[in-house]
Amino acid sequence: MTSLDQRSQVLLKTLVEHYITDGQPVGSRALSRHSGLKLSPATVRNVMSDLEELGFIASPHTSAGRIPTARGYRFFVDSLLTVQPLGIGQLQEIKGHIQPGEPQRVINAASQMLSGLTHFAGVVISPKQDAIKIRQIEFVSLSDTRVLLILVTTTGDVQNRILFTKRPYSPSELVSAANYLNQHFAGLAFEEIRARIQDELKQLRSDMTELMSAAVEAGSEALEETRSTYVITGETNLLDAEDLSSNMARLRELFKLFEQKTGLMQLMDISNRAKGVQIFIGGESGLSPLDDCSVVTAPYQVDGQVVGSVGVIGPTRMAYERVIPIVDVTARLLTSALSGQNN
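The numbering scheme is per chain: residues are counted from 1 as the chain's sequence reads. In keeping with the predicted nature of the model, local features appear solely for residues at pLDDT of at least 70, side-chain atom pairs appear and are counted solely at 80 or more, and the whole-chain, interface and lining totals rest on all residues. No hydrogens and no water enter the side-chain calculation; it runs on all heavy atoms of the structure.

**Q** Looking at this model, I keep getting lost on the overall build of the protein. Mind explaining?
**A** A run of H or I in DSSP counts as a helix once it spans at least four residues, and a run of E counts as a strand once it spans at least two, with each numbered from the N terminus. Across its full length, the protein carries 13 helices and 10 strands. Projected onto its principal axes, the C-alpha positions of the protein cover 85 × 50 × 35 Å. When the 343 residues of the protein are sorted by exposure, 46% land in the buried category. Counting contacts in the protein only where the partners sit at least 6 residues apart, residues at least 24 apart contribute 61% of the total. Using the Shrake-Rupley algorithm and a 1.4 Å probe, accessible areas are obtained, with residue cover drawn only from the displayed protein chains. With the model as given, the accessible surface of the protein reaches about 17000 Å², and the carbon-plus-sulfur share is 48%. Charged-residue counts in this description rest on Lys and Arg as positive and Asp and Glu as negative, His and the chain ends being excluded. A single reference atom marks each charge: NZ on Lys, CZ on Arg, CG on Asp, CD on Glu. In the protein, the 32 positive side-chain charges and the 37 negative ones have mean positions that sit 4 Å from each other. Each residue is assigned to one of three classes by its accessible area relative to the maximum for its type, calculated with a 1.4 Å probe on protein chains only: buried under 20%, partly exposed between the two thresholds, exposed over 50%. The contact criterion used throughout is that any non-hydrogen atoms of two residues lie within 4.5 Å.

Printed below as a string of structure tokens:
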């Protein structure tokens, strides 16, 4: 990250704080008045020009003022931000809602608190379930090269996946393949099936191995998706965020991201492997629907082991000094509640 002199830092901090508060481009006269520096508007304009060249701020076409870029927000968050501790009232409110109890209820409460206190979307990744075991596998022919894979787990859940094969399979071949898998692998998790199946398939006719290998891969992916889930609350709050609601196409992409889950799950999983609060600003998430958003996350634990993460999704123009401690405290209280502690 490019270093900035003290004067540039003060002006950038002032600009970002004003823009977060007002949502309007900030002009040099306003910065000259509010920065606390005894600088003329002309000097401020020169500094602003330098900051714009460095990519920290940008000039909207409709205004002479400037707004922060994602790079400007990143420098602000990393180097200039003063985080505000939560007030006693907010702290007690969160504590009151996140109490030890049935895990799913506690997770739902945490998501609701994140959303309610920030007025953005609150998300909590649930702990992974134990490895899911297979009770029965069936194949149903849909066309010459499309086969429906039906998985029934020992808990009674049913998952369907479509397999695309290189050749047609007759009904008798599909029954034989299903019978073989059920006979040899029923009651096992897909991790165990994967470990054993390659050697066992070598004993079968080679033209059947393609179908069975495809079934194992697809089944493993299908059940892995169900092991981790997330609770998201307050998505509709984002409709009230002017920075997002002005671009309905991007907003539709964002809601589609929430429905599909996989991309957001991968992003939140990064938080599980990190310590403390993580902040993804704009394109840093690697997910294009979040290009105009920031995601603030923190991991939580159960009995000393990281099992999931909590987060807030909102526009890049968010009050980071408020959102960061809310996410941090929620993660800590969720850790205590799910570990059966009352402190």
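**Q** Got a minute to help me understand the sheet that holds strand β5 (residues 146-153) in this structure?
**A** The pairing of strands in a sheet happens through backbone hydrogen bonds and is either parallel or antiparallel. Whether two strands pair comes down to DSSP finding at least two bridges between them. One open sheet accounts for 3 strands, arranged β4-β5-β6; its pairing is antiparallel. Each having just a single partner strand, β4 (134-143) and β6 (158-164) make up the two edges of the open sheet. Across the sheet, the axes of successive neighbouring strands diverge by a mean angle of 20°, strand direction being ignored. Under this scheme, a helix contributes an axis fitted over its contacting stretch, all axes are lines through C-alpha atoms, and angles between N-to-C directions fall in the 0 to 180 degree range. Packed on one face of the sheet, helix α7 (residues 171-185) meets β4 and β5 and runs near 165° to β4.

**Q** How should the packing of aromatic side chains be read in this particular structure?
**A** Two measures describe an aromatic ring pair: the distance that separates the ring centres and the angle between the ring planes. The pairing test for Phe, Tyr and Trp rings, Trp by its six-membered ring, is centres within 6.5 Å, and the orientation test on the planes gives stacked under 30 degrees, edge-to-face over 60, and tilted for anything in between. What the rule picks out here adds up to 4 aromatic pairs. Seen from their ring centres, Tyr180 and Phe185 are 6.5 Å apart, and the 70° between their planes marks the pair as edge-to-face. You can call Tyr180 buried: its relative accessible area is 15%. Taking relative accessible area as the criterion, Phe185 reaches 1% and is therefore assigned buried. As a reminder, the over-ring test applies to NZ of lysine and CZ of arginine, requiring each to be within 6 Å of the ring centre and within 35 degrees of the ring normal. Between the NZ or CZ atom of Arg317 and the centre of the ring of Tyr19, over which it lies, the distance is 5.7 Å.

**Q** I tried to follow the environment of Ala186 on my own but got confused; where do I start?
**A** Here Ala186 shows up in the loop between α7 and α8 (190-201). Take Ala186: its relative accessible area is 39%, and that puts it in the partly exposed class. Taking the C-alpha atoms as reference, Ala186 lies 6.2 Å from Gln136; in sequence the two are 50 residues apart. Sequence-distant contacts of Ala186, defined by excluding residues within four places in its chain, comprise Ile134, Arg135 and Leu181.

**Q** I tried to follow the pattern of salt bridges on my own but got confused; where do I start?
**A** Pairing between side chains becomes possible if they bear opposite charge and their charged atoms approach one another. Should a side-chain nitrogen of Lys or Arg be within 4 Å of a carboxyl oxygen of Asp or Glu, the pair is scored as a salt bridge. Applying the stated criterion to the full structure yields 10 salt bridges. Across the pair Arg317 and Asp243 runs a salt bridge whose closest N-O atoms are separated by 3.2 Å. With Arg317 in the loop between β10 (305-315) and α13 (320-338) and Asp243 in helix α10 (residues 242-245), the pair connects residues that are 74 residues apart, well separated along the chain. What makes Arg317 buried here is its relative accessible area of 18%. In this structure, the salt-bridge partner of Arg250 is Asp292, at a minimum N-O distance of 3.4 Å. Within this pair, whereas Arg250 is found in helix α11 (residues 248-260), its partner Asp292 is found in the loop between β8 (278-281) and β9 (293-302), the two being separated by 42 residues in sequence. The exposure class of Asp292 is partly exposed, given its relative accessible area of 31%. Salt bridges linked by common partners bring Arg74, Asp78 and Glu284 together as one network.

**Q** Help me out: how do you make sense of the packing of helix α6 (residues 103-118) against α13 in this one?
**A** Pairs of packed helices are described in terms of their axes, by the angle between the two and the distance that separates them. Following both chains from N to C, one finds α6 and α13 inclined at 165°, their axes separated by 10 Å at the closest point. Relative to α13, α6 is oriented roughly antiparallel. For the element pair α6 and α13, the recorded crossing hand is right-handed. On α13, the residues that touch Pro103, Val106, Ile107, Ala110, Leu114, Leu117 and Thr118 of α6 are Arg322, Val323, Ile326, Val327, Thr330, Leu334, Ala337 and Leu338. Geometric relationships in this document are graded by angle, where less than 35 degrees denotes roughly parallel, more than 145 denotes roughly antiparallel, 65 to 115 denotes roughly perpendicular, and other angles denote oblique. Here is the rule for handedness: rotate from the far helix to the near one, and if that takes an anticlockwise turn smaller than a right angle the crossing is left-handed, while a clockwise turn gives right-handed.

**Q** Honestly, the sheet that holds β10 in this entry has me stumped. Any pointers?
**A** Ordered in space as β7-β3-β10-β9-β8, the 5 strands form an open sheet in which the pairing is antiparallel. Edge positions in the sheet fall to β7 (230-233) and β8, since each has one partner strand and no second. On average, adjacent strands in this sheet sit at an angle of 15° to one another, irrespective of strand direction. Note that β9 and β10 share 10 bridges and pair antiparallel. Counted as the bridge partner of Gln301 is Val306 from β10. Against the sheet, α13 makes contact with β3 (121-125), β8, β9 and β10, and its axis sits at roughly 20° relative to β9, the strand it touches most.

Remember, this is a structural readout, not a statement about activity or role.
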